[in-house]
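# Observations on the model geometry
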Amino acid sequence: MRSLPFLISALLAAPLLSSFAATSSPSPSGPIRSRVQDDDDDDEEHEHSPLHEAMNQMQAAQRAMRKLSRDPVGNKEALLRAVGAIEEGALTAYRLPPPAPEGENPEAWRIGFRRQLLQLLDAALAAELAVHEGDAEALAAAYKAISGAKKEGHDRYQEDEDDDD
Ligand code: HEM
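About the criteria used
- Residues numbered from 1 in each chain as written.
- Predicted model: local features only at pLDDT ≥ 70, side-chain atom pairs only at ≥ 80, totals over all residues.
- Helix = DSSP H or I, 4+ residues; strand = E, 2+ residues; numbered from the N terminus.
- Buried ≥ 20, exposed ≤ 12 C-beta atoms within 10 Å, placed from the backbone.
- Contact = placed C-beta atoms within 7 Å.
- Axes fitted to C-alpha atoms, helices over the stretch in contact; angles between N-to-C directions.
- Parallel < 35°, antiparallel > 145°, perpendicular 65-115°, else oblique.
- Left-handed = near helix turned anticlockwise from the far one by under 90°.
- Nonpolar A, V, L, I, M, F, W, Y, C, P; charged D, E, K, R; others polar.
- pLDDT = per-residue confidence, 0-100.

## Thoughts on the overall build of the chain
In terms of regular secondary structure, the chain is built from 7 helices and 0 strands. Each helix (α) and strand (β) of the chain, taken in turn from the N terminus, gives the series α-α-α-α-α-α-α. The buried share of the chain, taken over its 165 residues, is 24%. A separation threshold of at least 6 residues defines the contact pool for the chain, and within that pool the share at least 24 residues apart is 67%.

In structure tokens, the structure reads:
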């Protein structure tokens, strides 16, 4: 049965997403949906892996962050929550490297994965500082660094890439 685990994970994710409800849509994005449909037999385990959940949490937070960044001073508290959710997601994902593909050195793969998440965390901390300082320019630079760390991470570690921002 496919729908029950999905419902459970959606319910678990609800409190995380609700902090962004005012600024971002709670429904999954196009790419997430298409991945759900495209996946093959190991779907169920794959879709509900803790790594996947951490990624989804970061996705919602990154989208909220993008919208809230238009007014960093007025949206300070919500921005801090969004950036904090990216930091939490990165720290969770740090402990969950996916298995190394055939032909990769497993240790180098896992260490590389964790270092990539540290880059993401560093960029998120720069964003947090920019929010505290009300520095819109620094916040925009940090957002770019977050997107860059994400893209690099997906180029290297995500089997089936779905980058949209
Ligand atoms: C803000 C930064 C990031 C966001 C918003 C993000 C978002 C996502 C999303 C939404 C997915 C699920 C895509 C799908 O299959 O539908 C995903 C999967 C994945 N991401 Fe990220 N990601 C970020 C950073 C990273 C980084 C830095 C890495 C690597 C170090 C990474 C590695 C992966 C991997 C391996 C998967 C596949 C996980 C699985 O399906 O079990 N991501 N990411």
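## Details of the environment of F113
Tracing the backbone shows F113 in helix α6 (residues 106-133). Along the backbone, F113 and R95 are 18 residues apart, and their C-alpha atoms lie at a distance of 9.6 Å. When near neighbours in sequence (up to four residues on either side) are disregarded, F113 contacts P97 and Y157.

## Describing the packing of α6 against helix α7 (residues 136-157)
Relative orientation of the contacting elements α6 and α7 amounts to 165 degrees, with a least axis distance of 8 Å. Here α6 lies roughly antiparallel to α7, going by the angle between them. Read as a crossing pair, α6 and α7 show a hand that is left-handed. Between α6 and α7, the residues in contact are F113, Q116, Q119, L120, A123, A124, A126, A127, A130, V131 and E133 and A138, L139, A142, Y143, A145, I146, A149, K150, E152, G153, R156 and Y157, respectively. Here the residues of the contact of α6 with α7 sort into 16 nonpolar, 3 polar and 4 charged.

## As for the confidence of the model for the chain
For the chain, the average pLDDT comes to 80, and 68% of its residues sit at 70 or higher. Across residues 1-43, where pLDDT falls below 50, the model places 34 contacts with residues more than four positions away in sequence or in other chains.

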